[in-house]
Amino acid sequence: MGSLTESATDNNHGDLLDSYRTWLEEHPSALDSFEAMIAVAEGKKLVLFLDYDGTLSPIVDDPNKAFISDTMRAAVREVGNLFPTAIVSGRCIDKVKGFVKLDNIVYAGSHGMDISTPTGSLKYEGEGHQTESVDEQGTKVVKFQPAQEFLPTIKEIIQVLEQKIKTFEGAMVEDNRFCVSVHYRHVNEKEVDTFKEMVQSTMKAYPNFRINGGKMVLEIKPSINWNKGRALEYLLDTFGFTGSSDFLPLYIGDDRTDEDAFEVIPGLGRGFPIIVSSVPKDTKASYSLRDTDEVMDFMVRLAKWKKAESTT
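In this text the structure is predicted, and so the values were computed from the model without any measurement.

A. Molecular detail of the environment of Met198. Structurally, Met198 is set in helix α6 (residues 192-203). The buried category is assigned to Met198, whose relative accessible area is 15%. Separated by 69 residues in sequence, Met198 and Gly267 place their C-alpha atoms 38 Å apart. Ignoring sequence-local partners within four residues, the contact set of Met198 consists of Leu161, Lys164, Ile165 and Phe168.

B. Representation of the environment of Lys196 within the structure. Relative to the elements of secondary structure, Lys196 occurs in helix α6. In sequence terms Lys196 and Leu218 are 22 residues apart; their C-alpha atoms lie 8.1 Å from each other. Setting aside anything within four residues of it in sequence, one finds Lys196 in contact with Tyr184 and Leu218.

C. Seen up close, the sheet that holds strand β9 (residues 209-213). If you trace the four strands from one edge of the open sheet to the other, you get β7-β8-β10-β9, paired in antiparallel fashion. A single partner strand is all that each edge strand has here, and the edge strands are β7 (172-175) and β9. This sheet shows a mean twist of 20 degrees between the axes of neighbouring strands, independent of strand direction. Where β9 meets strand β10 (residues 217-222), five bridges bridge the pair, whose relative direction is antiparallel. The partner of Gly213 across the bridge, within β10, is Leu218.

D. The pattern of salt bridges, seen in detail. For the structure on display, the rule yields 15 salt bridges. Between Glu78 and Lys307 there is a salt bridge, with the nearest N and O atoms lying 2.2 Å from each other. Of the two residues, Glu78 is situated in helix α3 (residues 70-82) and Lys307 in helix α9 (residues 292-310); the sequence distance between them amounts to 229 residues. Classification of Lys307 by relative accessible area gives partly exposed; the value is 39%. The salt bridge involving Arg177 is made with Asp114; its shortest N-O contact spans 3.9 Å.

E. Spatial organisation of the environment of His186. When you line up the elements, His186 lands in the loop between β8 (180-183) and α6. On the basis of relative accessibility, which here comes to 46%, the residue His186 falls in the partly exposed class. Here the alpha-carbon distance between His186 and Arg301, two residues 115 residues apart in the chain, equals 37 Å. Every residue in contact with His186, bar those within four places of it in the chain, is listed here: Asp61, Glu169 and Gly170.

Rules used in this analysis
- Residues numbered from 1 in each chain as written.
- Predicted model: local features only at pLDDT ≥ 70, side-chain atom pairs only at ≥ 80, totals over all residues.
- Heavy atoms only, no water.
- Helix = DSSP H or I, 4+ residues; strand = E, 2+ residues; numbered from the N terminus.
- Buried < 20%, exposed > 50% of the residue type's maximum accessible area, 1.4 Å probe, protein only.
- Contact = heavy atoms within 4.5 Å.
- Pairing = 2+ DSSP bridges.
- Axes fitted to C-alpha atoms, helices over the stretch in contact; angles between N-to-C directions.
- Salt bridge = Lys/Arg side-chain N within 4 Å of Asp/Glu carboxyl O.

Just geometry here; none of it tells us what the structure is for.
Written out as structure tokens, the structure reads:
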């Protein structure tokens, strides 16, 4: 009986490997394709966009302990010194800043609904969501927050859900300022469907919000026309690339919410969307990296290429 079980497991593993190899033909490794990608980048200003969880930090059981390694931080610092670089995360902006601890890059939190840049955007200035502020270091920053009006309702949703999840051991509500992450990684597997139904039912009272699924998490966001793709466009403008043709954006992410950014890049007519995944999945990305280690390797190679280019 044991040998039959082991045989079935081996067959399933083999099928998955075959499936992944087929998927890689459509989404080749960005490391293996590095030279070809860099050939396209010659003469262009590279702009780097990075997700956080699952991209710079491994997915962990406790979202409050999704720490970035010192070597990954060093890699991000180096590319941040060489290219315009932004982290676009579902986390609240203060939390992701606290994890990364770098001041040579730009941050966008709450799935792009909370952006902090030194200059802001002239293109979006008239929309009423952009305000000047001073950060904790006393430096002037410009904040773009298109979901500001939803903050009171978000606080209410958090209070309601925190009460309702008490009957589900292991559940957690994370306040990400302009969105809410409801984690169920530690909820009993037999209760997960009931848990999701509870969240869906609760949110029927809030028709101006939508729910998206993630990796063992439900993301609750205001139903506005803003996402990581729109955030990418906003950040490109703050970096000075609107109307330009000499830039090349790279966006690296692992989650469904990153697909909005992947979708924007082909519309720009240039750039590379790169998904982080070790299993085949539906994606609009052109290239792939297996895990956070490969993300770091890719950034290290980018930095080496740029420094070598600067000396020639």
